[in-house]
Amino acid sequence: MISLHAGSALTAAFLASLVEAIEAMTIVLAVAIVRGWRPASLGATAGLVVLALIVVALGPLLDRVPLNVLQIAIGILLLLFGMRWLRKAILRAAGIIPLHDETIAFAHETEELREQALRHEQRLDWLAGLATFKAVLLEGLEVVFIVIAVSAGHDVLFPVSAAAVAACLLVALSSIVLHRPLARVPENALKFAVGVMLSAFGLFWTGEGFGIDWPGADLAILVFIALFLGTGLASVVLLSRRTATAGAS
Amino acid sequence: MINWTAPLRELVGLFVEDGPLALAIIAIVALAGIVAALAPSAWWLSSSILLFGCLGVLVLNVAMAKRT
């Protein structure tokens with residue numbers, strides 16, 4: 001039976017990987033449509049290779065770090081990462097900052113590539129490949145970090161990695177079949193959910209690292225998820241009212 | 001010479017987007033850590049600082065955000 005911690009870790013990794021893969025795939029598709037699949041796939045493959053090297057190089061080092069130091073470090077990074085996503089999702093849901101639109105991101109990326117084509121025609125394949133390399137590497141680093149962070153110390157690295165890979169493959173295949181960015185995915189809702197879960201994990205890990213025995217052990221994660229979710233939703237409601245009042249006056 | 005500033009900035013940007021929020025989180029974690037180290041038996045105090053501190057800085061941060 002899947003433990004509570006493993007279930008939460010799998011869900012967080014899958015949802016976070018969906019979001020990151022959608023963002024990376026938007027850029028890969030833009031490059032593929034403007035310059036063809038060759039530079040797009042070469043850049044993306046190079047990004048995946050560098051990611052794999054980072055995982056192979058850094059993975060064994062993590063075993064040498066004392067558990068409480070690892071818990072505090074990963075906990076703080078998860079708090080920074082998760083609360084950054086949650087903050088942004090709250091502000092977007094409340095209409096304070098615009099929603100991230102994959103269609104706009106895709107249009108922006110294709111426009112930029114076309115402008116680059118006018119300036120440096122000969123170097124364009126190189127620049128196009130570099131764009132997909134950077135997108136895959138940066139979004140992939142976020143996926144790798146989330147996978148390592150949510151599975152640390154619980155012997156669930158393999159299933160959590162499989163969930164992340166499944167999400168990435170799902171997005172890649174859907175995008176290739178549809179041949180356009182996945183703009184209809186409720187990205188802000190996904191970011192909200194992932195922000196809530198990562199913040200909860202971060203809080204749990206940081207406390208464990210400080211030697212706090214959370215009441216209910218792993219069950220405390222569910223309480224933290226409920227508290228971050230409640231706080232986030234309440235903030236959206238209050239901010240939306242403020243925004244509506246400001247708009248009306 | 002390789003310019004490491006841009007990639008470093010991108011890497012830091014994965015975790016830090018809003019400086020005040022990141023600083024507030026680190027301050028809350030540091031305070032909870034100090035309390036946990038000085039008074040290990042008062043786990044409820046350090047855990048409350050950590051939990052309600054993080055929720056508090058999130059609410060304060062979004063409440064102060066300006067529309068763009």
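Residues numbered from 1 in each chain as written. Chains lettered and ligands numbered in written order. Predicted model: local features only at pLDDT ≥ 70, side-chain atom pairs only at ≥ 80, totals over all residues.

With that settled, the discussion passes to the overall build of chain B. In terms of helices and strands, chain B carries 3 helices and 0 strands. Starting at the N terminus and ending at the C terminus, chain B contains elements arranged as α-α-α. For chain B, buried positions account for 26% of its 68 residues. (Helix = DSSP H or I, 4+ residues; strand = E, 2+ residues; numbered from the N terminus. Buried ≥ 20, exposed ≤ 12 C-beta atoms within 10 Å, placed from the backbone.)

Listed as interface residues are 29 residues of chain A and, on the opposing side, 28 residues of chain B. Mapped onto the side of chain A that touches chain B, the elements with two or more residues apiece are α3 (67-93), α5 (124-151), α7 (187-209) and α8 (219-248) of chain A. In terms of residue count, α3(A) provides more of the side of chain A that touches chain B than any other element does, 11 residues in total. Considered class by class, the residues forming the side of chain A that touches chain B number 19 nonpolar, 6 polar and 4 charged. (Contact = placed C-beta atoms within 7 Å. Nonpolar A, V, L, I, M, F, W, Y, C, P; charged D, E, K, R; others polar.)

Moving on to helix α1 (residues 4-35) of chain A. All names here are of chain A. For α1, spanning 32 residues, the distance from its first C-alpha to its last is 46 Å, which sits close to the expected 46 Å at 1.5 Å a residue. Summarising burial for α1: 25 of the 32 residues are buried, a large majority. Downstream of α1 by one or two residues, glycine 36 has phi in the positive range, about 100°. (Expected span 1.5 Å × (residues − 1).)

This part covers the nonpolar core. Formed by 93 residues in total, the largest nonpolar core has its most connected members in A:Ala12, A:Ala13, A:Phe201 and B:Cys54. Broken down by element, this core gets its largest block of residues, 19 residues, from α1(A). Ignoring anything within four residues of it in the chain, the contact list for A:Ala12 reads A:Ile146, A:Val150, A:Val194, A:Met197, A:Leu198 and A:Phe201. (Core = buried A, V, L, I, M, F, W, Y, C linked by C-beta atoms within 7 Å.)

In this section: the environment of A:Ala226. Residues and elements named next belong to chain A. Looking at where alanine 226 falls in the secondary structure, it is placed in helix α8. Among the residues examined, alanine 226 registers 12 C-beta atoms within 10 Å and is labelled exposed. Here the alpha-carbon distance between alanine 226 and methionine 197, two residues 29 residues apart in the chain, equals 9.3 Å.

Averaged over all residues, the pLDDT of chain B is 86; the fraction at 70 or higher stands at 88%. Here the predicted complex scores 0.78 on pTM and 0.87 on ipTM. (pLDDT = per-residue confidence, 0-100.)

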